[in-house]
Amino acid sequence: MVNVLSINWSHQSLKAPLVHAGNIMDDQFLRRVDDLSAAGHARELDFAPVVARIAVDRFNAIARPNALDVARFVKILRDTLDTTDAAAAGRIAAALADNPDAPPQAIALLMAKGPAATTALLRCAARLPRATLLSVAETGAPADARAVAMRTDLDQQVVAALARRLEQDVLHALASNTSLRIDRGALIVLAQRGRVDSELGRALLARENLGALGFQLFLSADGRMRRRLMAEAQTAALAAPAAPSILTQARAAALRAAMASDHKGFAAAIAQQAKTGRAMIDRMIADVGGEPLGLLLAAMEL
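Presented here is a report on the structure given in the accompanying data block.

### Things to note about the overall build of the protein
- Across its full length, the protein carries 18 helices and 0 strands.
- Put simply, the protein has 302 residues, and 42% of those count as buried.
- In the protein, the proportion of contacts linking residues at least 24 apart, taken out of those at least 6 apart, comes to 59%.
- If you sum the accessible surface of the protein, you get close to 16100 Å²; carbon and sulfur atoms cover 57% of it.

### Quick word on the nonpolar core
- F73, L96, V148, L154, L162, L174 and L204 are the most contacted members of the largest nonpolar core, which has 71 residues in total.
- Here this core takes 7 residues from helix α3 (residues 48–60), the largest share from any one element.
- Here V148 is in contact with L122, L133, V136, L154, V158 and L162, once residues within four sequence places are set aside.
- Counting residues in each nonpolar core, the second largest holds 10 residues, with A257, A271, M280 and M284 among its members.

### Section: the environment of L255
- Position of L255 relative to the elements: it lies in helix α15 (residues 249–259).
- On the basis of relative accessibility, which here comes to 37%, the residue L255 falls in the partly exposed class.
- For the pair formed by L255 and I270, sequence separation is 15 residues and the distance between their alpha carbons is 9.5 Å.

### A few points about the packing of aromatic side chains
- Under the criterion given, the structure shown has 1 aromatic pair.
- Measuring from ring centre to ring centre gives 4.3 Å for F59 and F73, while their planes differ by 10°; the resulting arrangement is stacked. Note that F59 is positioned in helix α3 and F73 in helix α4 (residues 67–80), a separation of 14 residues in sequence. Neither F59 nor F73 differs from the other in exposure class; each is buried.

### Brief notes about the environment of R78
- Following the sequence through the fold, R78 ends up in helix α4.
- Judged by its relative accessible area of 46%, R78 is partly exposed.
- Sequence-wise, R78 and A106 are 28 residues apart; in three dimensions their C-alpha atoms are separated by 8.2 Å.

### Focus on helix α13 (residues 198–205)
- Where α13 is concerned, the buried positions are L200, G201, A203, L204 and L205.
- The distance from a side-chain oxygen at the start of α13 to the backbone nitrogen of E199 is 3.2 Å, and the residue carrying that oxygen is D197.

### Considerations on the packing of helix α7 (residues 115–124) against helix α9 (residues 142–149)
- Where α7 meets α9, the closest approach of the two axes is 7 Å, and the angle between their N-to-C directions is 25°. One way to sum up the angle between α7 and α9 is to call them roughly parallel. Seen along the crossing, α7 lies across α9 with a hand that is right-handed. Counted together, T118, T119, L122 and R123 of α7 and A143, D144, A147 and V148 of α9 form the full contact between these two elements.
- Considering only residue class, the contact of α7 with α9 consists of 4 nonpolar, 2 polar and 2 charged.

### What about the side chain of T84?
- Tracing the sequence through the fold places T84 in the loop between α4 and α5 (86–97).
- Polar contacts involving the side chain of T84 include one to the main-chain carbonyl oxygen of T80, which spans 2.8 Å.
- Not counting chain neighbours up to four residues away, the residues in contact with T84 comprise A48, P49, A89, I92 and K113.

How each quantity is defined
Residues numbered from 1 in each chain as written. Predicted model: local features only at pLDDT ≥ 70, side-chain atom pairs only at ≥ 80, totals over all residues. Heavy atoms only, no water. Helix = DSSP H or I, 4+ residues; strand = E, 2+ residues; numbered from the N terminus. Buried < 20%, exposed > 50% of the residue type's maximum accessible area, 1.4 Å probe, protein only. Contact = heavy atoms within 4.5 Å. Areas by Shrake-Rupley, 256 points an atom, 1.4 Å probe, with all protein chains shown as cover. Core = buried A, V, L, I, M, F, W, Y, C linked by side-chain atoms within 4.5 Å. Phe/Tyr/Trp six-rings, centres within 6.5 Å; stacked < 30°, edge-to-face > 60°. Polar contact = N/O pair within 3.5 Å; in protein donor to acceptor, adjacent residues only side chain to side chain. Axes fitted to C-alpha atoms, helices over the stretch in contact; angles between N-to-C directions. Parallel < 35°, antiparallel > 145°, perpendicular 65-115°, else oblique. Left-handed = near helix turned anticlockwise from the far one by under 90°. Nonpolar A, V, L, I, M, F, W, Y, C, P; charged D, E, K, R; others polar.

This is how it looks when you write it as structure tokens:
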């Protein structure tokens with residue numbers, strides 16, 4: 001077990017000035033790293049995780065790492081990660097993940113250390129191959145797919161693959177990622193799931209580019225969202241040209257069922273007119289706010 005006091009002392013002792021002229025992943029730094037490793041061996045302690053984290057901190061401080069910086073950094077990780085446990089590797093990966101200059105070799109070494117490191121890097125590492133992101137989106141573990149869904153730099157093929165996933169937490173992460181553009185095809189897929197998943201529906205309604213899809217999610221909306229949707233519907237109705245009212249057979253059946261207090265017949269008639277399932281109409285009728293049923297009846301001119 002690594003002595004925490006030794007780790008803290010060692011980490012601070014290596015915090016020489018991080019910005020100066022020339023290459024700061026330099027020979028002096030490498031000697032100090034070797035000295036630290038030797039001190040650990042002398043005390044029968046494994047300082048490999050400490051050395052790896054110090055190397056990450058030093059690499060992160062380099063404004064424009066050159067090829068030598070990268071080579072030395074990757075070698076330190078290769079030498080230390082073999083004996084670094086998965087939890088420590090996860091913390092090291094999280095410290096490196098935000099660095100846009102993180103070398104692909106370093107990312108690969110860390111991702112091989114298990115799910116904690118992989119998740120941290122999938123979430124924001126800048127230099128991940130697109131093929132890796134697409135593969136994870138299509139068939140990766142749910143935790144990994146969720147991490148990918150939180151990125152802001154995904155192309156629409158990767159977004160579409162995530163939208164087809166079955167795991168709720170992946171879909172929630174994708175819908176909640178308002179910094180990521182989601183095209184209409186993927187929004188339609190998500191909205192279909194959002195009709196029966198209230199949390200997903202609310203996450204989608206918080207986005208600005210839903211358009212008419214928002215009305216499919218009315219049952220998932222909170223009071224503020226419902227007022228917004230109703231205002232949008234009123235605006236659209238005022239802008240649309242008036243159409244002649246024709247009482248269709250389905251609307252007539254719904255009216256007769258309502259007058260007869262035939263709840264099942266009423267729901268069946270509305271479902272036929274709205275071209276949707278009875279279960280959805282039953283939910284709208286049962287909604288305590290009453291707005292979904294009111295909007296539906298208004299749309300049917302009842």
